[in-house]
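Given next are the chains, with one letter for each unit.
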Amino acid sequence: MLGGAGVLLGVAAAPAQAAEVSYATECIPPAISGLPPVQGTTKVEITAPAEAKVGDEVEVVWKFVQAASKNPNILDLEQNTVQPTGTLKAAGAQTADIAMQGPRENPPIPKNTDMKLSDMKGKLKLTAPGEVTLTPDAYNINVNKPISTDTKCTPKETVQKAATIKVTDGGGGSGGTTGGLPTVVPTLPTGVPTDLPTGLPTGSSSPTPSPSESETGGDAGGSSTGGGGGDSGQTDFTGKEVQVPYECKTPIGDKEATSPVQINAKKNGGSFDLTVQFKKSVMDSPADIPKDSVKPSMEVVLGGVDKGTVHVEGPTNSEDIKSGEPIEIPDLTGTYKPGASGESTLSPGVLTIEALGTTTTCTPAKSEVSLTLDTTEQASGASGGSAGGSAGGSAGGSSTDGGLAATGAEDQGSLKALGLVAGTALLLGGAVFTFMPGRRLR
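Because the structure is a prediction, the values reported are computed rather than measured.

Caption draft 1: Quick peek at unusual backbone geometry. Residues other than glycine seldom take positive phi values, yet D292 does so here, at roughly 55°. Tracing the backbone shows D292 in the loop between β19 (271-278) and β20 (294-304). Taking relative accessible area as the criterion, D292 reaches 47% and is therefore assigned partly exposed. Located in the positive-phi region is S380, a residue other than glycine, with phi close to 60°. Positionally, S380 belongs in the loop between β26 (371-375) and β27 (385-386). Given the relative accessible area of 69%, S380 is considered exposed.

Okay, here's the thing in structure tokens:
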């Protein structure tokens, strides 16, 4: 029996009583997860004093006996990251919504194991003689790491009363519920959102000059061209913005999205410093995103006289991004060391997003040249291998185990990546969030 359960504040309480009830429950994952409602059974035990007097303020305890579902086989929940709140309905001699809340205390919860929720407590001031019944109602489960998400659960059948307090006339007194907590009774969540955000926003705040006619050769429909091996003296080369159709493999199915990308270059000796920018698509973050949680990278594909890939990457977000604030993907940078002399092309390649231990990989459905450069072969240059950094090749792949990430096309086809961030697909075990472009991950 829970210590302190059924205690009358300031008054000697009658022996505590406890009763267990079970009921069908529907839990709604966070909206950003895109998951359907989850059905399950919740079992709880309510402890309260058997008898009390009018004017007494009694404490009631809600103990979770069985969660409506297990922690999905997605990610492990860390210790002390889950907190339940809810509502207990008082009826009979008096009616009231008793706000219940449990501490954020839980043992580590491995994937595919039973959920462990703390006991909730609430207080009720008795105002009328007679029998007061206590019945579990709706509840909410909050997971605060890596981001804060809520799973709301409600009974899907008439719930039987779990306890009855016999109230005798002790002088009266007015009052109601105390505790100031939400009026939702937590009953173990029955599902964990599995959309994690390891998604990559698709916007860049860095202004990019438009290619001049001399850079493009007057061909409005082709890629930008720059001289790297001639005597033009040009050092900055602006690429053409291209629409890249991405195909992403995710645990919840294949997803497709098109994102505008531009590759620019700056001559640095015989090499080129590359900058890849994701354009447009300003959107708001649907959840809090902790700093240093997301890192994007790409393999730029070489063509023309040169072959291979160039690895470029961006920094992680250096500060938290609050829910409702715009976010965008940062510029990806790297160095291209030519492996052949002549005209070389550069196209956006495989996009990789790493987030708190999870990985999402998206592959272009077709090649789109953004920039063409006149190059001069350099020792240990590309020509069939990786040029500048650890390239990962241009072939696509699916998310790694545990990297629940999904991408979907929204807002004029911008790349909207949904992913599992460390757990960001935790609904009680999976706090899910979606990365959307708009604010630089700085």
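Caption draft 2: Structural detail: the confidence of the model for the protein chain. Of the residues in the protein chain, 62% have a pLDDT of 70 or more, and the chain-wide mean is 72. When mean pLDDT is compared element by element in the protein chain, strand β23 (residues 342-347) scores highest at 96, while strand β28 (residues 405-410) scores lowest at 32. pLDDT under 50 marks residues 1-13. Its contacts with residues more than four places away, or in other chains, come to 32 contacts.

Caption draft 3: Region of interest: the pattern of salt bridges. Under the criterion given, the structure shown has five salt bridges. Between K156 and E26 there is a salt bridge, with the nearest N and O atoms lying 3.7 Å from each other. In this pair, K156 sits in the loop between β12 (149-155) and β13 (163-168) while E26 sits in strand β2 (residues 16-28), placing the two residues 130 residues apart along the sequence. Its relative accessible area of 18% is what places E26 among the buried residues. The residue D97 makes a salt bridge to K89 at a minimum N-O spacing of 2.8 Å.

Caption draft 4: Molecular detail of the state of the cysteines. In this structure the tally under the stated criterion is one disulfide. A sulfur-sulfur separation of 2.0 Å characterises the disulfide bridge that pairs C27 with C153. Because the torsion about its S-S bond is 110°, the bridge between C27 and C153 counts as right-handed. Of the two residues, C27 sits in strand β2 while C153 sits in strand β12, which places them 126 residues apart along the sequence. Judged on exposure class, the residue C27 and its partner C153 are both buried.

Caption draft 5: Summary view of the environment of V21. Position of V21 among the secondary structure elements: in strand β2. Spatially, the C-alpha atoms of V21 and V65 are 9.4 Å apart, while their sequence positions differ by 44 residues. The contacts of V21, once residues within four sequence positions are left out, are T42, K43, V44, P136, Q160, K161 and A162.

Caption draft 6: Summary view of the pairing of β13. Examined bridge by bridge, strand β4 (residues 51-53) and β13 share three bridges and lie parallel to one another. In the strand pairing of β13, K53 is matched with T168. Judged from the five bridges that link them, strand β11 (residues 130-143) and β13 form a sheet pairing that is antiparallel. Bridged to T133 within β13 is T164.

Caption draft 7: Just the packing of aromatic side chains, in detail. Considering all chains together, one arrives at four aromatic pairs under this definition. A ring pair is formed by F272 and Y336, whose centres lie 6.1 Å apart and whose planes are at 25°; its orientation type is stacked. Residue F272 is located in strand β19, and its partner Y336 is located in strand β22 (residues 332-336); the two are separated by 64 residues in the primary sequence. No difference in accessibility class separates F272 from Y336, as the two residues are buried. By way of ring pairs, the aromatic residues W62, F64 and Y139 are connected into one cluster. Directly above the ring of F272 sits K267, whose terminal nitrogen or CZ lies 5.8 Å from the centroid.

Caption draft 8: Structural context of the nonpolar core. Counting 38 residues, the largest nonpolar core has I46, W62, L88, L124, L134 and I165 as the members making the most contacts within it. Sorting the residues of this core by element identifies β2, β3 (38-49), β5 (57-66), β7 (82-92), β8 (96-101), β10 (120-125), β11 and β13 as the ones contributing at least two each. Ranked by the residues each element gives to this core, the list is headed by β11, at five residues. Residues contacting I46, with those up to four places away along its chain left out, are Q17, A18, A19, V60, V61, W62, L88, L134, P136, A162 and A163.

Caption draft 9: Looking closely at the pairing of β22. Every second residue of β22 is oriented toward a common face, the buried set being L332, G334 and Y336 and the non-buried set T333 and T335. Looking at chain direction, β19 and β22 are connected through five bridges and run antiparallel. Paired with T275 across the bridge in β22 is T333.

Caption draft 10: View of the environment of K53. Residue position: K53 is located in strand β4. Assessed through its relative accessible area of 47%, K53 is described here as partly exposed.

Caption draft 11: Spotlight on the side chain of S118. On the secondary structure map, S118 appears in the loop between β9 (113-114) and β10. A relative accessible area of 8% places S118 in the buried class. Looking at S118, its side chain comes within polar contact range of the main-chain oxygen of P103, at 2.7 Å. In this structure S118 touches F64, P84, G102, P103 and E105, once residues within four positions along its chain are discounted.

Procedures and definitions
- Residues numbered from 1 in each chain as written.
- Predicted model: local features only at pLDDT ≥ 70, side-chain atom pairs only at ≥ 80, totals over all residues.
- Heavy atoms only, no water.
- Helix = DSSP H or I, 4+ residues; strand = E, 2+ residues; numbered from the N terminus.
- Buried < 20%, exposed > 50% of the residue type's maximum accessible area, 1.4 Å probe, protein only.
- pLDDT = per-residue confidence, 0-100.
- Contact = heavy atoms within 4.5 Å.
- Salt bridge = Lys/Arg side-chain N within 4 Å of Asp/Glu carboxyl O.
- Disulfide = S-S within 2.5 Å.
- Pairing = 2+ DSSP bridges.
- Phe/Tyr/Trp six-rings, centres within 6.5 Å; stacked < 30°, edge-to-face > 60°.
- Lys NZ or Arg CZ within 6 Å of the ring centre and 35° of its normal.
- Core = buried A, V, L, I, M, F, W, Y, C linked by side-chain atoms within 4.5 Å.
- Polar contact = N/O pair within 3.5 Å; in protein donor to acceptor, adjacent residues only side chain to side chain.

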